[in-house]
Amino acid sequence: MDDSPAGVPIEILLVEDDPGDVLITREALADHKVSNRLTICADGADALRFLRREGAYATAPRPDIVLLDLNLPGVDGRAVLAAIHADPALNDIPVVVLTSSRAEEDFLRSHELRVDTYIAKPVDFASLMHVVRRIETFYISVRRNATA
């Protein structure tokens, strides 16, 4: 069943290495009425290949939104965020940071790089539902304006 506006699901890229956080995110998205396609990358390097459509991701869909953990193995979320911000082909994709970092510099740097929302972990179901509602509101209004 597809309840999203214009019958088009929202493409969501979740960049998260914690299986528990992946599970709760899947549940929050499934529990809401917005139709979505969720792609998961467990590290920053893989996320950048996906975003740039490199290698195995050559035909990957462009995400409508990125849910990004800052503390990733290898290429961390800060580097992913900076790369998204620096790339004109990617910098209009909304990014929601989900992080266990309590460092003020992470919060300030994320906002300098135009993060839409910054959520501190542990992420609970209610916090994720709030994000999902914001995604729904944003995309319903964007798609209504695009068809008007």
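Residues numbered from 1 in each chain as written. Predicted model: local features only at pLDDT ≥ 70, side-chain atom pairs only at ≥ 80, totals over all residues. Heavy atoms only, no water.

### As for the overall build of the protein
Note the threshold: Strands here mean DSSP runs of E at least two residues long; helices mean DSSP runs of H or I at least four residues long; both are numbered from the N terminus. Between buried and exposed lies partly exposed: a residue is buried under 20% and exposed over 50% of the maximum accessible area for its type, with that area taken using a 1.4 Å probe on protein chains only. Contact definition: two residues touch when any of their heavy atoms are within 4.5 Å. Under the convention used here, a 1.4 Å probe and the Shrake-Rupley method define accessible areas, while residue burial counts only the protein chains that appear.
Summing up its helical and strand segments, the protein has 5 helices and 5 strands in all. Taken from N to C terminus, the helices and strands of the protein fall in the order β-α-β-α-β-α-β-α-β-α. A burial count over the protein gives 44% of its 148 residues as buried. Contacts in the protein between residues far apart in sequence, at least 24 positions, make up 68% of those at least 6 positions apart. For the protein, the computed accessible surface area is about 7600 Å², with 54% contributed by carbon and sulfur atoms.

### As for the confidence of the model for the protein
Short version of the rule: Per residue, pLDDT captures the predictor's confidence, and it can take any value from 0 to 100.
In the predicted model, the protein carries a mean pLDDT of 79, and the fraction of residues at 70 or more is 72%. Here residues 1–6 scores under 50 on pLDDT; set against residues more than four positions off or in separate chains, the count is 11 contacts.

### Considerations on the side chain of Asp 69
Applicable threshold: Here a polar contact means two N or O atoms within 3.5 Å. Within protein one must be a hydrogen donor candidate and the other an acceptor candidate, and residues neighboring in sequence count only if both atoms are side-chain atoms.
With respect to the helices, strands and loops of the structure, Asp 69 is situated in the loop between strand S3 (65–68) and helix H3 (77–86). A polar side-chain atom of Asp 69 sits 3.2 Å from the main-chain amide nitrogen of Asn 71.

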